[in-house]
Amino acid sequence: MNKIIDIKNLSKSYNDILAVDDVSYNVAKGEMFGLVGPDGAGKTTTIRTLCGLLITDSGEIEVLGYNLLKERKKIQNKIGYLSQKFSLYGDLTVDENIEFFADIHGVKDYENRSNELLEFTRLTPFKDRLAEKLSGGMKQKLALACSLIHKPQIIFLDEPTTGVDPVSRRDFWKILSNLLKEGITIFMSTPYLDEAERCNRVALMSNGKIISLDTPQKIKGSLEKDVIEIVCNKIREAYKLIQQNFPFEIQMFGDRINIIVDEYETDYKRIEKLLNDNSIEILNHRLITPSLENVFIHLVQEAN
Ligand code: ADP
């Protein structure tokens, strides 16, 4: 593997809070790497550390072959960072915002690059619009364009599509796919598991630890249990009854219950009897292929 990021025994704490707890992994050149996990898992801290914005407590990190602690300056202009709080200047136009970030990064002849990025993000028709007048999705695309002005080799994205509408999210993802084709390495955190599915590899983080790291396919295949999906009336009552009577893990998804069992046939019969005995009508049931969400909830619960 051609490692572009190499993390060894990284820990980072804030006073007595251990935000990142002795993690080791690496990211390959050209990879789309996803960091997934609940709020407070340590994702932002990891990203900020890898960008050299936070000092680690311990551990060794290499980015692009440079030691992050000792050679930060050599890395700075080769990486891009789109933080959750990335601030555009509302009173500047789209064009002027890009120009501003070009200045910050010391990019001199940025016009071609700027036009390229505007085309890339389909913002050319809006280049004279004030940033504050853009929709949420467009703002996020402009923020991405600004963080790419200096042609970074790695881009770090911290929950880039949180709060962005579904259509703009799709648009944003098309841009990311094109970035990958250009050879950029993408390291992103996301709370969305459908986005995690699109990554080459995913690391699940919980309480500062990496509790699973693999391709989405392999992670899904790692659950050596059956998942029964049930749709029924009185869903909350059904949830409570199953919880009180069986040792199975139960996951609720709106009007569906997913139950992680050892063996579909026998365990379903027991659950069916329990619900029928309590006058709950099962409207639909089936054995489903575990989703990334099923496995992640399972792993986080197990880790806790
Ligand atoms: P995530 O991005 O996965 O939500 P964070 O990296 O933001 O997680 O936070 C990890 C842990 O560190 C949390 O418990 C959070 O409350 C704590 N934390 C984050 N930033 C600070 C800070 N500046 N000061 C103190 N605690 C912090």
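For the structure, see preceding data.
Residues numbered from 1 in each chain as written. Predicted model: local features only at pLDDT ≥ 70, side-chain atom pairs only at ≥ 80, totals over all residues. Heavy atoms only, no water.

Undergrad: Could you clarify how one ought to interpret the packing of helix 5 (residues 136-147) against helix 6 (residues 166-181) in this entry?
TA: Between helix 5 and helix 6, whose axes approach to 9 Å, the crossing angle comes to 20 degrees. One way to sum up the angle between helix 5 and helix 6 is to call them roughly parallel. Between helix 5 and helix 6 lies a crossing whose hand is right-handed. Facing Gly137, Gln140, Lys141 and Leu144 of helix 5, the residues of helix 6 in contact are Ser168, Asp171, Phe172, Ile175, Leu176 and Leu179. Here the residues of the contact of helix 5 with helix 6 are counted per class, giving five nonpolar, three polar and two charged. (Axes fitted to C-alpha atoms, helices over the stretch in contact; angles between N-to-C directions. Helix = DSSP H or I, 4+ residues; strand = E, 2+ residues; numbered from the N terminus. Parallel < 35°, antiparallel > 145°, perpendicular 65-115°, else oblique. Left-handed = near helix turned anticlockwise from the far one by under 90°. Contact = heavy atoms within 4.5 Å. Nonpolar A, V, L, I, M, F, W, Y, C, P; charged D, E, K, R; others polar.)

Undergrad: What is the right way to read the packing of aromatic side chains from this model?
TA: Aromatic ring pairs are reported here in terms of the distance separating the ring centres and the angle at which the planes meet. For the coordinates displayed, the defined rule picks out eight aromatic pairs. Centre to centre, the rings of phenylalanine 246 and phenylalanine 248 are 5.2 Å apart; their planes meet at 20 degrees, and the pair counts as stacked. Cluster of aromatic residues (ring-pair linked, three or more members): Tyr25, Phe33, Phe156 and Phe187. Positioned above the aromatic ring of tyrosine 14 is the side chain of lysine 12, whose terminal nitrogen or guanidinium carbon lies 5.6 Å from the ring centre. Geometry around tyrosine 192 places arginine 169 over its ring, the cationic atom sitting 4.0 Å from the centre. (Phe/Tyr/Trp six-rings, centres within 6.5 Å; stacked < 30°, edge-to-face > 60°. Lys NZ or Arg CZ within 6 Å of the ring centre and 35° of its normal.)

Undergrad: In this structure, what is going on with the site of the ligand? I would like to understand it.
TA: Neighbouring the ligand are Tyr14, Ile17, Ala19, Pro38, Asp39, Gly40, Ala41, Gly42, Lys43, Thr44 and Thr45. In this structure, glycine 40 approaches the ligand through a main-chain N or O atom, which is 2.7 Å from an oxygen atom. One nitrogen or oxygen atom from the side chain of lysine 43 is found 2.9 Å from an oxygen atom belonging to the ligand. The fraction of the free accessible surface of the ligand (560 Å²) that becomes covered by protein chains is 61%. For the shell around the ligand, the secondary-structure elements that each account for two or more residues are strand 2 (17-28) and helix 1 (43-50). Tallying contributions element by element places helix 1 first for the shell around the ligand, with three residues. Grouping the amino acids of the shell around the ligand by side-chain chemistry returns five nonpolar, four polar and two charged. (Near = heavy atom within 4 Å. Polar contact = N/O pair within 3.5 Å; in protein donor to acceptor, adjacent residues only side chain to side chain. Areas by Shrake-Rupley, 256 points an atom, 1.4 Å probe, with all protein chains shown as cover.)

Purely geometric numbers; function is a separate question.
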